[in-house]
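These are the residues of each chain, in order.
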Amino acid sequence: MWKRILALSLAVLMMIMTAACAGDGGQQTAEDQEILVWMPSLAPDGNDKEVWGEIVKPFEEENNVKVNFEFISWKDYEAKYASGIQMGNGPDVGYLYVEMFPDYIDAGLVEPIEDYLTQEDRDDYLYLEAGKIWDRVYGLPLSIGNPVALFYNQDILDSIGESAPETWEDVRRIAQKATADTDGDGKIDQWGLAQGWGQSFSQDLNWNWYSFVFQAGGDLFDEKGRVIMDQEPAVEAATFLYDLKNTDHALPEDCMAQTNSEMFANYFITGKAAMSFGGVNLANAQLLEGKDSDFEYGFTLKLKNKIESTRCGLDQMVVMSAAPDKELAAKLIKYMTGPVGNGQWHQVTQGAPVSRSEENHAFPMLKEALEGNEDIVRPLKPALRAPQVYEYLWKALQEMMNGNSTPEETMKDVTEYGNSLPYERQSDSE
Amino acid sequence: MNRKHKYKWNGYLYILPMCLSVLFFWYGPVLLSAVFSLGSYSALKPFQFTGMGNYTALFSDKYFIRALSNTFIWVLGVVPAQTVLAFFSACWIAGKKSSFLASLVRKVMFIPSVASVTVIGIVCRLMLNSPQSPVNALLGIFGGSASNLLGSETTALPTLMLIEVLVNTGYYMIFFLTSLMEIPESYYEAARMDGAGAFRICTQIQIPLLKPVFIMIIFLGLIQGFRTFDLVYTTTGGGPGQASMTAVVYLYMQNFKFSQIGYAMAIGNILVVIVALLTFLQRRLLKNKENSLY
């Protein structure tokens with residue numbers, strides 16, 4: 001008898017413990033007053049939790065709420081969001097980049113926030129218009145940054161009688177001339193371009209692709225969200241990149257194994273490459289400042305084929321539709337992206353201001369990059385299924401750079417794949 | 001004396017929690033996976049039934065075909081190599097009995113198998129890609145370089161397979177070593193008295209007696225091979241292009257990067273069928289074998 005009772009009790013206890021292991025998600029209740037924020041880790045020292053914890057303290061006290069942060073790695077960022085939302089454990093406030101917005105908006109997961117903005121807000125934010133997705137405001141920019149620049153080693157350029165490149169023709173000519181055996185041992189030890197194609201996911205499209213399509217006068221998607229990479233601009237961009245490696249042999253042999261950041265650090269910073277494409281960000285600025293090789297360098301955002309244009313990031317804080325108190329969540333993102341919150345954040349990250357009333361704490365290189373270039377920096381165009389297209393594109397470009405397909409074949413293949421996915425918004429098809 | 005036999009239900013109560021766990025956390029997801037594979041299911045949108053559409057699309061998906069054939073290449077390359085290496089390593093260690101060198105080799109070989117494969121992948125990537133790495137320095141002595149091994153479509157997959165063999169050999173070596181240690185010394189003495197050398201002892205005593213162990217290790221290796229994910233994902237992500245893409249990495253990308261959950265589940269179900277067939281085959285081969293070491 002006692003054994004049966006004991007056995008039954010143990011069975012019930014086991015089931016209770018199993019049920020207790022399930023999380024309750026990030027959803028706040030009226031009694032708890034907690035807001036869960038998911039963001040990537042962006043602080044230079046990796047101390048995002050401490051920094052944001054201090055920044056939001058006044059907000060927490062004023063609104064009697066606890067703000068909980070969770071920081072996610074870039075590699076698994078979209079996967080974390082997708083699985084979290086699917087399990088009902090998603091955040092109340094999120095950080096989305098433009099590639100993510102369309103699918104999330106189309107699925108009704110992100111809340112438009114125009115109703116929470118005052119006229120004062122609209123006048124103060126610098127990039128509200130640029131950040132609109134399908135003509136609506138779904139988020140507030142936390143940062144504008146990582147404009148893609150062409151960095152060049154002035155000493156190498158001087159040694160080959162060249163000046164700062166301005167066009168694609170300049171880049172190819174300089175890359176060919178700079179690739180040389182400088183110590184006479186029969187092996188190439190200086191390269192024209194340090195560009196890495198070994199990243200395991202599509203992040204390096206930021207430096208290796210988008211800007212070139214823009215400079216060729218094109219885009220990746222049309223207004224309806226269809227992939228248009230089989231058109232001349234994208235084919236021209238693909239051909240340009242293909243030729244730099246496979247025709248001019250201006251890239252180091254291990255360019256297919258290393259990421260673009262690794263190539264920047266291992267070849268450009270060490271003075272072994274004449275040029276490198278990369279983001280104007282604090283990490284690269286610190287690498288350049290601390291380089292052992294003593295060479296003069298410069299950078300330009302104004303590379304041109306048909307037009308001058310370069311990609312920049314405009315990531316935004318958003319209110320997720322599952323947030324129980326959307327007004328409070330909107331208030332939080334206004335605080336985080338406003339002059340007070342973002343001012344403190346940008347003191348740490350040395351980012352550029354996103355509102356007129358915010359003090360400018362941008363590091364000198366970023367200030368220099370953005371000044372006078374407001375017309376040529378642009379974020380990506382939003383499109384449904386963009387993340388899938390970009391992942392496919394990245395793998396296809398790797399195949400192309402390895403010589404397994406021509407630029408035309410690659411762009412045709414990517415376009416066919418992209419347009420085989422549903423690209424029409426649900427509201428368009430209803 | 002008449003005594004009614006009382007049926008005791010206690011035992012069922014004791015195993016009930018585990019049975020429920022297996023039902024909810026194993027059979028349940030497998031069943032759900034089969035259901036969701038029959039439709040279009042995204043993380044962001046509700047399920048829509050489409051029948052066998054995912055399966056027919058899979059077999060015309062050139063990238064899935066490439067991933068599956070890479071997986072078969074992986075299995076056919078890694079499993080024999082690690083099995084043979086593990087066996088001969090065990091033979092050598094067993095022959096050295098309790099020498100310090102044998103003990104050291106045994107420990108060093110086993111260490112990678114207890115380390116996280118993710119960590120191993122990250123470290124190997126750094127060691128192969130970094131121009132300053134010891135691997136590059138060593139190969140440089142012979143005029144070679146490791147820095148593009150993971151970036152070349154011809155060497156990316158073989159390089160990863162080699163790493164996998166080196167990581168797994170120690171683990172399987174322990175199985176062989178334990179079994180070899182149990183072979184009575186009298187067998188070897190009798191063989192030597194009959195004039196048998198090392199080769200005959202190996203082929204006519206050790207291998208026949210270790211047949212069940214070979215079967216078990218080969219099938220464990222096959223099952224592990226079809227589930228390859230961590231090492232590939234952390235080093236190349238399946239690249240460059242599709243050169244090192246495996247079935248489970250492709251499944252992961254479909255599920256978590258592309259949110260095509262139904263499609264990913266169809267891939268998973270195909271792998272479940274393959275692994276189930278292998279397990280069934282293993283059980284049939286081992287079924288009538290008693291412990292025939294003695």
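Residues numbered from 1 in each chain as written. Chains lettered and ligands numbered in written order. Predicted model: local features only at pLDDT ≥ 70, side-chain atom pairs only at ≥ 80, totals over all residues. Heavy atoms only, no water.

**Q** Would you explain the overall build of chain A in this entry?
**A** Across its full length, chain A holds 19 helices and twelve strands. Over its C-alpha atoms chain A spans a radius of gyration of 24 Å, differing by no more than 12% from the 22 Å that the globule rule assigns to 430 residues. When the backbone C-alpha atoms are referred to their principal axes, chain A occupies close to 90 × 55 × 50 Å. Considering chain A as a whole, with its 430 residues, one finds that 57% of them fall into the buried category. In chain A, 75% of the contacts between residues at least 6 apart in sequence involve partners at least 24 apart. (Helix = DSSP H or I, 4+ residues; strand = E, 2+ residues; numbered from the N terminus. Rg over C-alpha atoms; globule rule 2.2 N^0.38 Å. Buried < 20%, exposed > 50% of the residue type's maximum accessible area, 1.4 Å probe, protein only. Contact = heavy atoms within 4.5 Å.)

**Q** Help me understand helix H11 (residues 232–247) of chain A in this model?
**A** Side chains three or four residues apart in an α-helix point the same way, a direct result of the helix having 3.6 residues per turn. Every buried residue belonging to H11 of chain A is among Pro233, Ala234, Val235, Ala237, Ala238, Phe240, Leu241, Asp243, Leu244 and Lys245 of chain A, and all of these are buried. Downstream of H11 of chain A by one or two residues, His249 of chain A has phi in the positive range, about 50°.

**Q** Could you clarify how one ought to interpret the packing of aromatic side chains in this entry?
**A** Any pair of aromatic rings gets described here by the distance separating the centres and the angle formed by the planes. Residue and element names in this part refer to chain A. Within this structure, the stated rule accounts for 45 aromatic pairs over all chains. With a centroid separation of 5.9 Å and an interplanar angle of 35°, the aromatic rings of Tyr77 and Tyr97 are classed as tilted. Placement of the pair is Tyr77 in helix H4 (residues 77–86) and Tyr97 in the loop between strand E3 (93–96) and helix H5 (101–106), with a sequence separation of 20 residues. As far as the burial class goes, Tyr77 and Tyr97 line up, both buried. A cation sits over an aromatic face here: Lys272 above Tyr267, 6.0 Å from the ring centre. Against the face of Phe214 rests Arg378, its NZ or CZ located 3.6 Å from the ring centre. (Phe/Tyr/Trp six-rings, centres within 6.5 Å; stacked < 30°, edge-to-face > 60°. Lys NZ or Arg CZ within 6 Å of the ring centre and 35° of its normal.)

**Q** I would appreciate a short explanation of the interface of chain A and chain B in the present structure.
**A** Often, the extent of an interface is quoted as the loss of accessible area on bringing the components together. In this complex, chain A contributes 46 residues to the contact, which on the side of chain B involves 41 residues. Buried area between chain A and chain B, summed over both chains or domains, comes out near 3,600 Å², and the portion from carbon and sulfur atoms is 55%. Asp413 of chain A is paired through a salt bridge with Lys62 of chain B; the nearest N and O atoms lie 3.7 Å apart. On the surface where chain A and chain B come into contact, there are 14 residue pairs in polar contact (both at pLDDT 80 or more). Elements with a contribution of two residues or more to the side of chain A that touches chain B: helix H1 (2–20), H4, H5, helix H12 (260–268), helix H17 (386–401) and helix H18 (407–420) of chain A. Of all the elements, H1 of chain A adds the most residues to the side of chain A that touches chain B, at nine residues. (Buried area = accessible area lost by both parts, 1.4 Å probe. Salt bridge = Lys/Arg side-chain N within 4 Å of Asp/Glu carboxyl O. Polar contact = N/O pair within 3.5 Å; in protein donor to acceptor, adjacent residues only side chain to side chain.)

**Q** Whenever I open this one, the environment of Trp209 of chain A confuses me. Can you help?
**A** Residue and element names in this part refer to chain A. Here Trp209 shows up in the loop between helix H9 (205–208) and helix H10 (210–215). Distance in space between the C-alpha atoms of Trp209 and Lys395 is 13 Å, their sequence separation being 186 residues. Ignoring sequence-local partners within four residues, the contact set of Trp209 consists of Leu220, Met229, Ala234, Ala237, Ala238, Leu241, Leu393, Leu397 and Met411.

**Q** What is the right way to read helix H12 (residues 247–257) of chain B from this model?
**A** In terms of residue burial, H12 of chain B counts as a mostly covered element, since nine of its eleven residues are buried. Restricting attention to buried positions, one finds in H12 of chain B the residues Ala247, Val248, Val249, Tyr250, Tyr252, Met253, Gln254, Asn255 and Lys257 of chain B. The elements touched by buried residues of H12 of chain B are H4 and H17 of chain A together with helix H3 (62–95), helix H10 (211–226), helix H11 (230–235) and helix H13 (261–287) of chain B.

**Q** Can you help me understand the confidence of the model for chain A in this one?
**A** Should pLDDT be low for a region, the predicted coordinates there are not to be read in detail. Residues with a pLDDT of 70 or more make up 94% of chain A, whose mean pLDDT is 90. Confidence drops under a pLDDT of 50 for residues 25–30 of chain A, and excluding neighbours within four residues, the segment shows 19 contacts in the predicted structure. (pLDDT = per-residue confidence, 0-100.)

**Q** Is there a simple way to explain unusual backbone geometry in this structure?
**A** A negative phi holds for most residues other than glycine; trans holds for most peptide bonds. That bond from Gly239 of chain B to Pro240 of chain B is cis: its omega, 0°, falls within 30 degrees of zero. A positive phi is found at Asn146 of chain A, a non-glycine position, where the angle reads about 55°. Tracing the backbone through its elements, the reader meets Asn146 of chain A in the loop between strand E5 (139–145) and strand E6 (148–153).

**Q** Sorry, what's going on with the domain arrangement of chain A here?
**A** Residue and element names in this part refer to chain A. When its domains are assigned, chain A resolves into domain 1 (34–144 + 313–365) and domain 2 (148–311 + 384–420). A straight line from the C-alpha centre of domain 1 to that of domain 2 covers 30 Å. Taken together, the contact pairs 15 residues of domain 1 with 20 residues of domain 2. A combined buried area of about 1,400 Å² lies between domain 1 and domain 2, and 65% of that area is made up of carbon and sulfur atoms. Contact with domain 2 buries surface across domain 1, with Glu99, Asp103 and Met365 losing the most and accounting together for 46% of the total. (Domains from an automatic or database assignment.)

**Q** Would you explain a negative patch on the surface in this entry?
**A** Among the surface-exposed residues, Asp155, Asp158, Asp294 and Glu296 of chain A lie close enough to one another that they form a single negatively charged patch. Structurally, Asp158 of chain A can be placed in helix H7 (residues 154–159). (Patch = residues over 30% accessible without salt bridge, like charges linked within 9 Å, V, L, I, M, F, W, Y side chains within 5 Å. Areas by Shrake-Rupley, 256 points an atom, 1.4 Å probe, with all protein chains shown as cover. Lys, Arg positive; Asp, Glu negative; His and termini not counted. Charge placed at Lys NZ, Arg CZ, Asp CG, Glu CD.)

**Q** Could you clarify how one ought to interpret the nonpolar core in this entry?
**A** One broad trend across soluble globular proteins is that nonpolar side chains are buried collectively. The biggest cluster of nonpolar side chains holds 188 residues, and the ones touching the most others in it are Tyr104 and Trp209 of chain A. Considering each element in turn, this core owes the most residues, ten residues, to H17 of chain A. Taken together, domain 1 (34–144 + 313–365) and domain 2 (148–311 + 384–420) of chain A each give at least three residues to this core, which thus spans both. Judged by nonpolar contacts, the second largest core, of 25 residues, contains Phe87, Cys91, Ile183 and Leu209 of chain B. (Core = buried A, V, L, I, M, F, W, Y, C linked by side-chain atoms within 4.5 Å.)

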